[in-house]
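# Geometric and topological summary
Okay, here's what each chain looks like letter by letter:
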Amino acid sequence: MDTTQVDSYLHRIGAGRTERPTVEALRELQLRHLRTVPFENLSVHLGEDIALEERALHDKIVRARRGGFCYEVNGLFAALLTALGFEVKLLQARVFGSEDLGIPYDHLALRVTTADSTGPWLVDVGFGAHSHYPLDLTARGDQADPGGTFRIAEAPHGDLDVFKDGEAEFRLDPRPRVLADFAAGCWWHRTSPRSNFTRSLVCSRLTSEGRVTLSGRKLVTTVSGNRHERELATDAEVLAAYRDHFGITLDHCPEPALFPSHPPEGTGGGGMPGGECG
């Protein structure tokens, strides 16, 4: 990622250049990213290609001011952090569902080491409603975060299980990967009728007061713990919600062909918690 791309990315998330790759700088970057770049799967239902390449992801997320699911947002965020001097490794994870773990390369998360800490840190801007700040990968007790109480525990074969509020979220493989390794998982989530991403439509963003989510045509806002839902009756209302709440301008509404009357239970993988992110 060159200087121009870094500067435009930082402008996109409302952040300045960091003097050093410190823990505090990492915390600020993650929070700003979560509040500006939505977690969304619109490309799946707009017939858009998803290319796991740095230039294509920069064009989509920064230049077009869109979001994406885990492979996209965490993949590009890794490139930004690397350009800013952080040591970053891509990790694959399998998401816990209602019955079993998801497919290999179900989720992409980041292992980040800073200049002022032994670390490493678990950084994730692509798992819907997750931690607001990096989690200490070496800690085994509860870690308090505005997004919940998190815990990282040892799992079989050297893996790590990540819990939120006592519920298992995903099983992390600590061996480093490259972005191309996630192409098959991305393809599966874009095409399989078993994928939550082909069966549901979501766009969600953290706010200073809570979260805003557009799930199909249902707008869910959470403010200071209070949840409000509203069904949007017209295409004009849906398009206005994408524009006003997420900064996404569309000329027509995405309409998933496999959208069920009720979202599937469990987790859909690819960084998408089951049901809604709201």
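Anyway, here's the lowdown on the structure attached to this text. Keep in mind that what you see is a predicted model, and the values were worked out from it rather than measured.

## Section: the overall build of the protein
Counting its regular elements, the protein contains eight helices and 13 strands. Its C-alpha atoms give the protein a radius of gyration of 17 Å, within 12% of the compact-globule value 19 Å for 278 residues. The dimensions of the protein, computed from C-alpha atoms along their principal axes, are 50 × 45 × 40 Å. Out of the 278 residues in the protein, the part that is buried amounts to 55%.

## Topic: the environment of Glu40
The residue Glu40 is located in strand β1 (residues 39–40) in this model. Look past the residues within four positions of Glu40 in its chain and what remains in contact with it is Lys60, Arg66, Gly67, Gly68, Phe69, Val202, Cys203 and Ile248. Here Arg66 takes part through its side chain, which lies 2.8 Å from a polar atom of the side chain of Glu40.

## Concerning the packing of helix α1 (residues 3–13) against helix α4 (residues 54–63)
The N-to-C vectors of α1 and α4 enclose an angle of 35 degrees; their axes lie 10 Å apart at closest approach. α4 is crossed by α1, and the crossing has left-handed handedness. Residue-level contacts link Gln5, Ser8, Tyr9 and Arg12 of α1 to Glu54, His58, Ile61 and Val62 of α4. Looking at the contact of α1 with α4 residue by residue, the classes come out as three nonpolar, three polar and two charged.

## Points about α1
Note that an α-helix has 3.6 residues per turn; residues three or four places apart therefore point the same way. For α1, every residue scored as buried is listed here: Gln5, Val6, Tyr9, Leu10, Arg12 and Ile13. Down the axis, α1 shows its buried residues gathered within 155 degrees of arc, on one side only. More than 90 degrees from the buried face of α1, the exposed residues found are Thr3, Thr4 and His11. Buried residues along α1 sit in contact with α2 (23–36), α4 and α5 (70–83). For α1, the N-terminal capping position is held by Asp2, with its side-chain oxygen 3.2 Å away from the main-chain nitrogen of Thr4. Gly14 sits one or two positions beyond α1 and adopts a positive phi of about 70 degrees.

## Points about helix α6 (residues 183–191)
For α6, the complete set of buried residues consists of Gly185, Cys186 and His189. One face of α6 carries all of its buried residues, which in axial projection span an arc of 100 degrees. Across α6 from its buried face, at more than 90 degrees, point the exposed residues Ala184 and Trp187. Turning to α6, the residues buried within the fold contact α5 and α7 (196–199).

Reading the values: the criteria
- Residues numbered from 1 in each chain as written.
- Predicted model: local features only at pLDDT ≥ 70, side-chain atom pairs only at ≥ 80, totals over all residues.
- Heavy atoms only, no water.
- Helix = DSSP H or I, 4+ residues; strand = E, 2+ residues; numbered from the N terminus.
- Rg over C-alpha atoms; globule rule 2.2 N^0.38 Å.
- Buried < 20%, exposed > 50% of the residue type's maximum accessible area, 1.4 Å probe, protein only.
- Contact = heavy atoms within 4.5 Å.
- Polar contact = N/O pair within 3.5 Å; in protein donor to acceptor, adjacent residues only side chain to side chain.
- Axes fitted to C-alpha atoms, helices over the stretch in contact; angles between N-to-C directions.
- Left-handed = near helix turned anticlockwise from the far one by under 90°.
- Nonpolar A, V, L, I, M, F, W, Y, C, P; charged D, E, K, R; others polar.
- Arc of directions from axis to C-beta.

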